[in-house]
There are 2 protein chains.
Amino acid sequence: MKEQVRIGMLGLGTVGSGVVKVLAENGTEIEKRSGLPIRIKSIVVRDLEKERLVEVPAELLTTDAWQVVNDPEIDVIVEVMGGIEGTKDLLLTAFRNGKSVVTANKDLIAEHGDELILEATRNGCDFLYEASVGGGIPIIRPLRKDLAGNKISEVMGIVNGTTNYILTRMTQMGMAFEDALKEAQELGYAEANPASDVEGWDAGRKIAIVASLAFNSRVNFSDVDTEGITSITERDIDYAKQMGYAIKLIGSAKETENGSISAQVYPALVPQDHPLASVNGVYNAIFVRGNAIGEAMFLGLGAGQLPTASSVIGDIVEAVRNFHAGTRGKFLVDCYEQKTIQSSLENKNRFYLRLEVADQPGVLGAIAGKIGQHGVSIHTMFQKWTDSQTAEIVVITHEVREGSLRDALNELGDMEHVHAIKQTLRVVS
Amino acid sequence: MKEQVRIGMLGLGTVGSGVVKVLAENGTEIEKRSGLPIRIKSIVVRDLEKERLVEVPAELLTTDAWQVVNDPEIDVIVEVMGGIEGTKDLLLTAFRNGKSVVTANKDLIAEHGDELILEATRNGCDFLYEASVGGGIPIIRPLRKDLAGNKISEVMGIVNGTTNYILTRMTQMGMAFEDALKEAQELGYAEANPASDVEGWDAGRKIAIVASLAFNSRVNFSDVDTEGITSITERDIDYAKQMGYAIKLIGSAKETENGSISAQVYPALVPQDHPLASVNGVYNAIFVRGNAIGEAMFLGLGAGQLPTASSVIGDIVEAVRNFHAGTRGKFLVDCYEQKTIQSSLENKNRFYLRLEVADQPGVLGAIAGKIGQHGVSIHTMFQKWTDSQTAEIVVITHEVREGSLRDALNELGDMEHVHAIKQTLRVVS
């Protein structure tokens, strides 16, 4: 039996520094809980001279990642440097060398999770990635273990803190999207190039990861339909508020009745009394629906140095316990069948529509009639005057197949009195 | 290596029937996730002739619990029959016979957890009890594993569905405590003798269990100060609402700065924008504060047949995986030190007070002065006329040591113009 577990870290940025900090500060507890002392043997950095967020002995630092994944003394690789192709090759080598891997790299898993899991399994290694979804919030391990008795039918929630911060500021302060984004960038919540967050790609990667676990079938990022928040206006937020809703960026993965999977990211109206409606700022929250548990929600900080480090260390502790018990790589049963991916056009949802129409008698009725022909029935409809020529109509539909709604919108767009379909959003029930 | 894992169930009531039902319905998924087929070999019932909530082959039923815990073919005992002393003896025997045990029995663990854990450890057996706290909500395993990298400073939340249902109905419908209790009894949410729920004992047992795990130090039920909800009136709920609070029964366990533990259950005012304020009906929610994760919340159905079965089966899957991997009893590191229990008098809290006083000039000032002498400073204070002779005063204090508040209240009670101290509640910040 081993006397200690040696870690090789790839990366010493924000999360990496957090891991070093917490391992030092909570060392006693962590050693007791994991069963073996944990020692960091090497840390790979790009620049040996750079000032660090945390103090580490200079002799731990190296720029040679290959040396670390090939070091026979190292038992666990902690990958917190990001990147996709090059990082994948390093981790594949680590597995071939019999090392367990803990990573926070959602882009990598959403892209190449299947290949990595296969290589980990082949070599009897642990591959753990709790930190890749929801920052500090436990969701991967609960799906794998706590909820193992359930058939999961849906996982949905707020999985991107940047967009949730922006939407919260737009809602609470009446800010425009651009201003809220700028503020988020100044606070370090959003990147200089914010596309990955505001276009819903980051959320899409996380949804791919949790869907794979929830339904035990591999879901890749390319299987997720993503829609971002750049089209959300103050007016949408205001109308939503008037009708008792908040607008949130929702990631959702469902197993449909025919056993196929649908995975989407979209901004949606969430009823004010729904627990997700009050998840504000950089908090994330994930709902899980299962046929035994009913529903459960996991809430916490979706990003940040220490919350993410908390998840990374939870995984390190598991990897170390498995070393201790001699059970590495025993429990990788995540994706044991391949279910088909269903087009989101087959999904049923309620919808919010905002239309600009000619301000003439009979227009409301004509619109209701036209969309009714496509089986879209109307729950709420009201008209706002915007200027002397043009009126604005807001519609909330009953549940309808997305494809049917698309067809109805195409025809609506061709109607003489409909100037523009300004917004189409889903409504969470 | 084993080819299947055989289960002996003690009890086939509501939860037991749920376990049988879910094991049958989700059998394929559960077998894939646990790595081995699971077969129920025996089920202990009191009366062989009784009609059951679920269909089971008659040959599985037996009235002889000792035969089951002594059956060498049985690997895992699932205890869902309740009871304390007799049940403890059965489980101790199961451990001595090398069986792992999964239980939902919070009364037993809160009372005799230390003795049972010791015997499980001695015999290399798993002892798992996720279902004992929060019904379907994962909280035991997250504390043991996901949050293993944290020093936990506080666990608090709503851990009793019955009282949460009663308080929700009092708040939303203006019902009196007695009427809401009666309704809860009619719906099967409260027992004929509701003392264990409404006096806070059930919540206290759950808090003892989570505190033991959070602080890795044994906390027993007798270490928890409990206060129930029987004194809560419509008037308290109404005043709280006016000031922007909901009243909830809160269980709380903290590790203080000096390293000792304080554990309490009490009804408290929770600010409306606190996530716990909107946890209504029979839902439970548990907050965890740790030095890495910041805070996280786990929400779900706190009781009920299938949610509780979900937790029991999550534990069965873990027990079976450990059989599969040959790692039973490897991970019991819950309580490795003994911290002292601190009197709740040393805790600091904000308080809500409701006093009946003489309707005379200067009374308000005299009261403020008197409690000020004990270092209690006032945040909000208002006076309501109740009749021509008597006024009602509501006070919210700033944070104060509980012992100091008690002293102040003793002196207040002796004041000539104070007719009665009608209510004293904590305020969650």
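As recorded by an unreviewed UniProt entry, chain A carries the name Homoserine dehydrogenase and is attributed to Effusibacillus dendaii. What UniProt records for chain A under Sequence similarities (unreviewed entry) is the sentence "Belongs to the homoserine dehydrogenase family." Of chain A, the UniProt comment under Cofactor (unreviewed entry) reads exactly: "a metal cation".

**A few points about the pattern of salt bridges**
Residues and elements named next belong to chain B. On inspection of all chains with the given rule, the structure shows 53 salt bridges over all chains. Note that K88 and E115 form a salt bridge whose closest N and O atoms lie 3.2 Å from each other. Taken together, the residues span a long stretch of sequence, with K88 in helix α4 (residues 85-96) and E115 in helix α5 (residues 106-122) at a distance of 27 residues. In this structure, E154 engages R289 in a salt bridge whose closest nitrogen and oxygen atoms are separated by 2.8 Å. Here the residue E154 occupies a position in strand β7 (residues 152-158), and R289 occupies one in strand β11 (residues 283-290), the gap between them amounting to 135 residues. According to the relative accessible area criterion, R289 is partly exposed, its value standing at 27%.

**So, the environment of T256(A)**
Within the element layout of this structure, T256(A) appears in the loop between β9 (245-255) and β10 (261-271). Sequence separation between T256(A) and I341(A) is 85 residues; the distance between their C-alpha atoms is 9.8 Å.

**With respect to the domain arrangement of chain A**
Residues and elements named next belong to chain A. The assigned domain composition of chain A is domain 1 (5-135 + 305-325), domain 2 (140-301) and domain 3 (345-427). Each of domain 1 and domain 2 has a C-alpha centre, and the two are 27 Å apart. Domain 1 puts 21 residues into the contact, and the matching count from domain 2 is 18 residues. Both sides together, the interface formed by domain 1 and domain 2 hides about 1,600 Å², and carbon and sulfur atoms give 54% of it. On inspection of domain 1 and its partner domain 2, the count reaches 4 salt bridges.

**What about the interface of chain A and chain B?**
When the parts of a complex come together, some accessible area is lost, and that lost area is often used as the size of the interface. Contact residues are listed per partner, giving 48 residues for chain A and 48 residues for chain B. Three residues stand out in chain A for area buried against chain B, namely R33(A), D146(A) and R321(A), and they jointly supply 15% of the buried area on that side. For the salt bridge of D146(B) with R141(A), the shortest nitrogen-to-oxygen distance reads 2.7 Å. Where chain A touches chain B, the interface holds 20 residue pairs in polar contact (both at pLDDT 80 or more). When residues of the side of chain A that touches chain B are traced back to their parent elements, those giving at least two are α1 (14-25), α2 (27-34), α6 (140-146), β12 (294-301) and α12 (305-325) of chain A.

**Digging into the side chain of E295(A)**
Topologically, E295(A) is positioned in strand β12. Among the polar contacts made by the side chain of E295(A), one reaches the side chain of Y283(B) at a distance of 3.0 Å.

**Re α4(B)**
All names here are of chain B. Between its first and last C-alpha, α4 extends 17 Å over 12 residues, near the 16 Å set by a 1.5 Å rise per residue. For α4, the full list of buried residues reads T87, K88, L90, L91, L92, T93, A94 and F95. Where α4 is buried, its residues touch β1 (5-10), α3 (65-69), β4 (76-79), β5 (100-103), α5 and β6 (127-128).

**Structural notes on the sheet that holds strand β2 (residues 38-44) of chain B**
Residue and element names in this part refer to chain B. Spatial strand order, β3-β2-β1-β4-β5-β6: 6 strands in an open sheet with parallel pairing. The open sheet is flanked by β3 (61-62) and β6, the only strands paired with a single partner. Sheet strands touched by helix α12 (residues 305-325): β1, β2, β4, β5 and β6. Its angle to β5, the strand with the most contacts, is close to 170 degrees.

**Here's the deal with the packing of aromatic side chains**
Both the distance between ring centres and the angle between the ring planes are used here to describe each pair of aromatic rings. If you walk through the whole model with that rule in mind, you get 9 aromatic pairs over all chains. Where F95(A) meets F127(A), the ring centres are 5.4 Å apart and the plane angle is 90 degrees; that geometry is what we call edge-to-face. Note that F95(A) is positioned in helix α4 (residues 85-96) and F127(A) in strand β6 (residues 127-128), a separation of 32 residues in sequence. Looking at F95(A), the relative accessible area reads 0%, which means it is buried. Connected via pairs of aromatic rings, a cluster forms that spans F95(A), F127(A) and Y129(A). Over the aromatic face of Y129(B) sits the side chain of R144(B), whose NZ or CZ is 5.3 Å from the ring centroid. Geometry around Y266(B) places R426(B) over its ring, the cationic atom sitting 4.5 Å from the centre.

**Considerations on the relation of the copies chain A and chain B**
For these two chains of identical sequence, chain A goes onto chain B by a turn of 180 degrees and a shift of 0.0 Å along the axis, with RMSD 0.0 Å. The symmetry that links the two subunits is that of a two-fold axis. Relative to the rotation axis, the C-alpha of F298(A) is the closest in chain A, positioned 2.4 Å from it.

**Overview of the packing of α4(B) against α5(B)**
Residues and elements named next belong to chain B. Packing of α4 against α5 leaves a shortest axis separation of 10 Å and a crossing angle of 15 degrees. Classified by the angle between their axes, α4 and α5 sit roughly parallel to one another. The way α4 lies across α5 gives a crossing that is right-handed. Across the interface between the two elements, E85, T87, K88, L91, L92, F95 and R96 of α4 pack against L108, H112, E115, L116, E119 and A120 of α5. Looking at the contact of α4 with α5 residue by residue, the class counts come to 6 nonpolar, 2 polar and 5 charged.

**Side note on the sheet that holds strand β3 (residues 61-62) of chain A**
All names here are of chain A. An order of β3-β2-β1-β4-β5-β6 is seen for the 6 strands of this open sheet, with the pairing classed as parallel. Lying at the two open borders of the sheet, with one neighbouring strand each, are β3 and β6. Note that strand β5 (residues 100-103) and β6 share 2 bridges and pair parallel. Among the inter-strand pairings, V102 is bridged to a residue of β6, identified as L128. Strands in contact with α4 are β1 (5-10), β4 (76-79), β5 and β6; relative to β4, the strand with the most contacts, it is inclined by about 165 degrees.

**Considering the side chain of R354(B)**
Looking at the element boundaries, R354(B) is found in strand β13 (residues 348-358). For R354(B), the side chain forms a polar contact with the side chain of D236(B), separated by 2.7 Å.

**Quick word on the UniProt feature "active site" (unreviewed entry) in chain A**
All names here are of chain A. With numbering aligned to this structure, UniProt lists the feature "active site" (unreviewed entry) at K206. The residue K206 is located in helix α10 (residues 201-214) in this model. Given the relative accessible area of 7%, K206 is considered buried. Among residues more than four places away in sequence, those in contact with K206 are K106, S132, V133, V159 and N160.

**Here we look at the environment of A211(A)**
Position of A211(A) among the secondary structure elements: in helix α10. For A211(A), a relative accessible area of 0% puts it in the buried group.

**Points about the UniProt feature "binding site: L-homoserine" (unreviewed entry) in chain A**
All names here are of chain A. Mapped onto the present numbering, the UniProt feature "binding site: L-homoserine" (unreviewed entry) falls at E191. With respect to the secondary-structure elements, E191 resides in the loop between α8 (177-186) and α9 (195-198). Apart from residues no more than four positions distant in its own chain, E191 is found in contact with Q185 and D197.

Conventions used here
- Counting of residues starts from 1 at the beginning of each chain's written sequence and follows it residue by residue.
- In the order they appear in the text, chains get letters beginning with A and ligands get numbers beginning with 1.
- Where totals are concerned, whole chains, interfaces and linings use all residues; where local detail is concerned, this predicted model gives features only for residues with pLDDT of at least 70, and gives and counts side-chain atom pairs only at 80 or more.
- Side-chain numbers here rest on the full set of heavy atoms in the structure, without hydrogens or water.
- UniProt positions are given in the numbering used here, feature names are shortened, and annotations may be inferred rather than shown by experiment.
- For salt bridges, the criterion is a side-chain nitrogen of Lys or Arg within 4 Å of an Asp or Glu carboxyl oxygen.
- Here a helix means four or more residues in a row that DSSP labels H or I, a strand means two or more in a row labelled E, and each is numbered from the N terminus.
- Exposure classes here rest on a 1.4 Å probe applied to the protein chains alone. A residue is buried below 20% of its type maximum, exposed above 50%, and partly exposed in between.
- Domain boundaries shown here were taken from an automatic or database domain assignment.
- Any two residues having at least one pair of non-hydrogen atoms within 4.5 Å are treated as being in contact.
- The quantity reported as buried area is the accessible area (1.4 Å probe) lost by two parts once they are put together, taken as the sum for both.
- Under the rule applied, a polar contact is a pair of N or O atoms within 3.5 Å (in protein, one hydrogen donor and one hydrogen acceptor; residues adjacent in sequence only if both atoms are side-chain atoms).
- To estimate the expected span of a helix, subtract one from its residue number and multiply by 1.5 Å.
- Whether two strands pair depends on DSSP finding at least two bridges between them.
- Helix axes use the C-alpha atoms of the stretch in contact, all axes being lines fitted to C-alpha atoms, and the angles between their N-to-C directions lie in the range 0 to 180 degrees.
- To pair, rings of Phe, Tyr and Trp, with the six-membered ring standing in for Trp, must have centres within 6.5 Å; the planes then decide the type, stacked if under 30 degrees apart, edge-to-face if over 60, and tilted in the middle.
- Over a ring means this: the NZ of a Lys or the CZ of an Arg is within 6 Å of the ring centre and within 35 degrees of the ring normal.
- Copy-to-copy alignment: least squares on C-alpha atoms, limited to residues at pLDDT 70 or above in both.
- When describing relative orientation, an angle under 35 degrees is termed roughly parallel and one over 145 degrees roughly antiparallel, while 65 to 115 degrees is termed roughly perpendicular and anything else oblique.
- Working rule for handedness: look at the near helix, and if it is turned counterclockwise from the far one by less than a right angle, call the crossing left-handed; if clockwise, right-handed.
- Amino acids are sorted into nonpolar (Ala, Val, Leu, Ile, Met, Phe, Trp, Tyr, Cys and Pro), charged (Asp, Glu, Lys and Arg) and polar (every other residue, Gly among them).

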